[in-house]
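# Results of the structural survey
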Amino acid sequence: QVQFVESGGGLVQPGGSLRLSCVASGINFNIFAMGWYREALGKKRELVASIGVYGTTNYADSLKGRFTISRDSAKMTVYLQMNSLNVEDTAVYYCNRGYDRPFPNWGQGTQVTVSS
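Bear in mind the structure is a predicted one, so any value in this text is a computation, not a measurement.

Tallied over the full model, the rule gives one disulfide. The disulfide partner of C22 is C95, and the S-S distance across this bridge is 1.6 Å. With a gap of 73 residues between them, C22 in strand β3 (residues 18–25) and C95 in strand β9 (residues 91–97) connect regions that are remote in the sequence. Note on C95: relative accessible area 0%, which makes it buried.

Here it is, written out as structure tokens:
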């Protein structure tokens, strides 16, 4: 069964940084692009970043280079380094298959709150 376990969220002040992690199981991690999505209160879930099998990355235009996605195939883990956070980044962050082609199963997500 496909499972994703996200962690690393928390409360951070504007301008701060966080690093999210997601451990995947139940899939052949080495053949799927992976991605991070976020869902803010009252808004539709959106794709934040994707990373291909060989490391090619793609980001939402609104991020302006503040986020970096990476993956460790040996650990079946995908990461999201988030810098220069602002209040608009407040959301629950999820990982799943990338490029807006998620599996039906979603993890519990990790809450990121940016507030002074």
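Here we come to unusual backbone geometry. Phi angles above zero are rare outside glycine, and M76 is one such case at about 50°. Relative to the helices and strands, M76 resides in the loop between β7 (67–72) and β8 (77–82). Despite not being glycine, D100 has its phi angle at roughly 60°, a positive value. Within the secondary structure layout, D100 lies in the loop between β9 and β10 (110–114). Look at D100 and you get exposed, because its relative accessible area is 53%.

Time to look at the sheet that holds strand β4 (residues 34–39). Strand order in the open sheet formed by six strands is β2-β10-β9-β4-β5-β6, and the pairing between neighbours is mixed. What marks the edges here is a single partner per strand, and that holds for β2 (10–12) and β6 (57–59). Going across the sheet, the axis of each strand differs from the next one's by a mean of 25°, ignoring polarity.

Let us look at the packing of aromatic side chains. Under the criterion given, the structure shown has four aromatic pairs. With centroids separated by 6.4 Å and ring planes inclined at 25°, the aromatic side chains of F4 and F103 adopt a geometry described as stacked. Note that F4 is positioned in strand β1 (residues 3–7) and F103 in the loop between β9 and β10, a separation of 99 residues in sequence. On the basis of relative accessibility, which here comes to 4%, the residue F4 falls in the buried class. Overall, the relative accessible area of 14% leaves F103 in the buried class. Measuring from ring centre to ring centre gives 5.2 Å for Y37 and W106, while their planes differ by 85°; the resulting arrangement is edge-to-face. Of this pair, Y37 sits in strand β4 while W106 sits in the loop between β9 and β10; the two residues are 69 residues apart in sequence, bridging distant segments of the chain. When its relative accessible area of 2% is taken as the criterion, Y37 is described as buried. Taken together through their ring pairs, the aromatic side chains of F4, F32 and F103 make up a single cluster. Sitting over the ring of Y94, R45 keeps its end group 4.1 Å from the ring centre. The side chain of R45 reaches across the aromatic face of W106, ending 4.0 Å from its centre.

Thresholds applied
Residues numbered from 1 in each chain as written. Predicted model: local features only at pLDDT ≥ 70, side-chain atom pairs only at ≥ 80, totals over all residues. Heavy atoms only, no water. Disulfide = S-S within 2.5 Å. Helix = DSSP H or I, 4+ residues; strand = E, 2+ residues; numbered from the N terminus. Buried < 20%, exposed > 50% of the residue type's maximum accessible area, 1.4 Å probe, protein only. Pairing = 2+ DSSP bridges. Axes fitted to C-alpha atoms, helices over the stretch in contact; angles between N-to-C directions. Phe/Tyr/Trp six-rings, centres within 6.5 Å; stacked < 30°, edge-to-face > 60°. Lys NZ or Arg CZ within 6 Å of the ring centre and 35° of its normal.

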